[in-house]
Amino acid sequence: MTEWYYAEGQQRQGPFPVTEIRQRFQRGQLTLDTLVWREGMGQWAALRQVVDELGLQTLAEATDSSASGGFDLRGDYAAIDNGTAPLPGTGALSSSPYSAPGAASSDYSQAVQGGEVVYAGFWKRVAAYLIDYIVLVIPSGLLGGVFGAVIGLAGSGGTGTEVLIQAVSGLVGLLIGMGYYGWFHASRGGATPGKMAVGIKVVRSTGERITLGRSIGRYFATLLSSILLCIGYLMAAFTDRKQALHDMICDTVVVDRWAFTDQPHLQRRELGTVTIVVLVLGGIGFLGLLALLIGLIAMAASMAG
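Remember, it's a predicted structure, so these values are computed and weren't measured experimentally.

Conventions used here
Residues numbered from 1 in each chain as written. Predicted model: local features only at pLDDT ≥ 70, side-chain atom pairs only at ≥ 80, totals over all residues. Heavy atoms only, no water. Salt bridge = Lys/Arg side-chain N within 4 Å of Asp/Glu carboxyl O. Helix = DSSP H or I, 4+ residues; strand = E, 2+ residues; numbered from the N terminus. Buried < 20%, exposed > 50% of the residue type's maximum accessible area, 1.4 Å probe, protein only. Core = buried A, V, L, I, M, F, W, Y, C linked by side-chain atoms within 4.5 Å. Contact = heavy atoms within 4.5 Å. Phe/Tyr/Trp six-rings, centres within 6.5 Å; stacked < 30°, edge-to-face > 60°. Lys NZ or Arg CZ within 6 Å of the ring centre and 35° of its normal.

> Kindly report on the pattern of salt bridges, identifying the contributing residues and their values.
The final tally for this structure, using the stated rule, is 9 salt bridges. Salt-bridge contacts for Asp247 lead to Arg125; the nearest nitrogen and oxygen are separated by 2.7 Å. In this pair, Asp247 is assigned in helix H10 (residues 245-250) and Arg125 in helix H5 (residues 122-154), connecting sequence segments 122 residues apart. This pair shows no difference in class: Asp247 is buried, exactly as Arg125 is. Two residues, Asp247 and Arg218, come together in a salt bridge whose shortest N-O distance is 2.8 Å. Pair noted here: Asp247 is in helix H10 and Arg218 is in helix H8 (residues 212-227), with a separation of 29 residues, a long-range link. Here Asp247 falls in the buried class, since its relative accessible area comes to 0%. By relative accessible area, which is 4% here, Arg218 ends up buried.

> Give me the nonpolar core: which residues, what numbers.
Counting residues in each nonpolar core, the largest one holds 17 residues, and the members touching the most others are Trp4, Ile21, Leu47 and Leu54. Contributions of two or more residues to this core are made by strand S1 (3-8), helix H1 (18-26), strand S3 (35-38) and helix H2 (51-54). In terms of residue count, the dominant contributor to this core is S1 (3 residues). Once residues within four sequence positions are removed from consideration, Ile21 is found in contact with Trp4, Tyr6, Phe16, Leu30, Leu47 and Leu54. Counting 9 residues, the second largest nonpolar core, distinct from the first, contains Ala120, Ala128, Val198 and Val254.

> Help me get a handle on the environment of Trp123, residues and values and all.
Inspection of the secondary structure puts Trp123 in helix H5. Note: C-alpha distance between Trp123 and Thr275 (152 residues apart in sequence) is 7.7 Å. Trp123 has contacts with Leu271, Thr275 and Leu279, leaving out every residue within four places of it along the chain.

> Requested: an account of the packing of aromatic side chains, with residues and values cited.
Across all of its chains, the model carries 10 aromatic pairs by this definition. Judged by centre distance (4.9 Å) and plane angle (75 degrees), the ring pair of Trp183 and Phe184 falls under edge-to-face. One aromatic cluster in this structure is built from Tyr180, Tyr181, Trp183, Phe184, Tyr219 and Phe220. In this structure, Arg12 is placed above the aromatic ring of Tyr5, and the distance from its NZ or CZ to the ring centre is 4.5 Å. In this arrangement the basic side chain of Arg24 is found over the ring face of Phe16, its NZ or CZ atom lying 4.4 Å from the centre.

This is the structure:
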């Protein structure tokens, strides 16, 4: 069996079999510029000159790619060679922080501590709310209308019936909202569809997943934030961890979807395309409704005059 030597500083290391040279190259202990020698060679040569003889062609190509600004794939090729490479779909990047509830993936409820945490800004939360509002208004309106029609047909049509219809419609909307926010915020991803779209989630202040009971309690706490002239919501723009009143009450924070995970570097501070588009559309819609309201008021004033 051929044995090889390599130079480390002014010292000659070896002899080593070919397999050992390969392993040391895979571990990064040797480079393509390392001088090597074996019996029969006239002089020492750079390792890149004998890659074919050592069977390092693939690993050498991976190293050249890394040196030119690409990725160093030597470890991946080594893992493939020795059979330790992960199966497709089982690597660290194969999991998502928005895995469906009950999915057979890593337990998201175990928060990873020590990394940077990017808290969700006020405008990201506004964009998420607008998306969720659109998602909720359709089923709430349909079910409220159905119950209202049933009560209207069964009632006498008087003032009492109208009050009952309004009350039932409001209760239906409340229950749908409670189920929607309660379930999604307590899910493995900790996010409603609106929050998923803008890339944020709700967790405990420690990063842990919130329970269903806390999630439902947080939903009712948002009602308190709403009735106080929405000041409870506006607090998210000024508090240190961007917490709204209901977050403070329930010990929750809204953070980037990659916060408290093993990949905190994927967090984003910028608004993002989805957030910007939703805010622009929401602003246009708000101005349209405002213009319509002003027009109706002007029309009523002219008719009264």
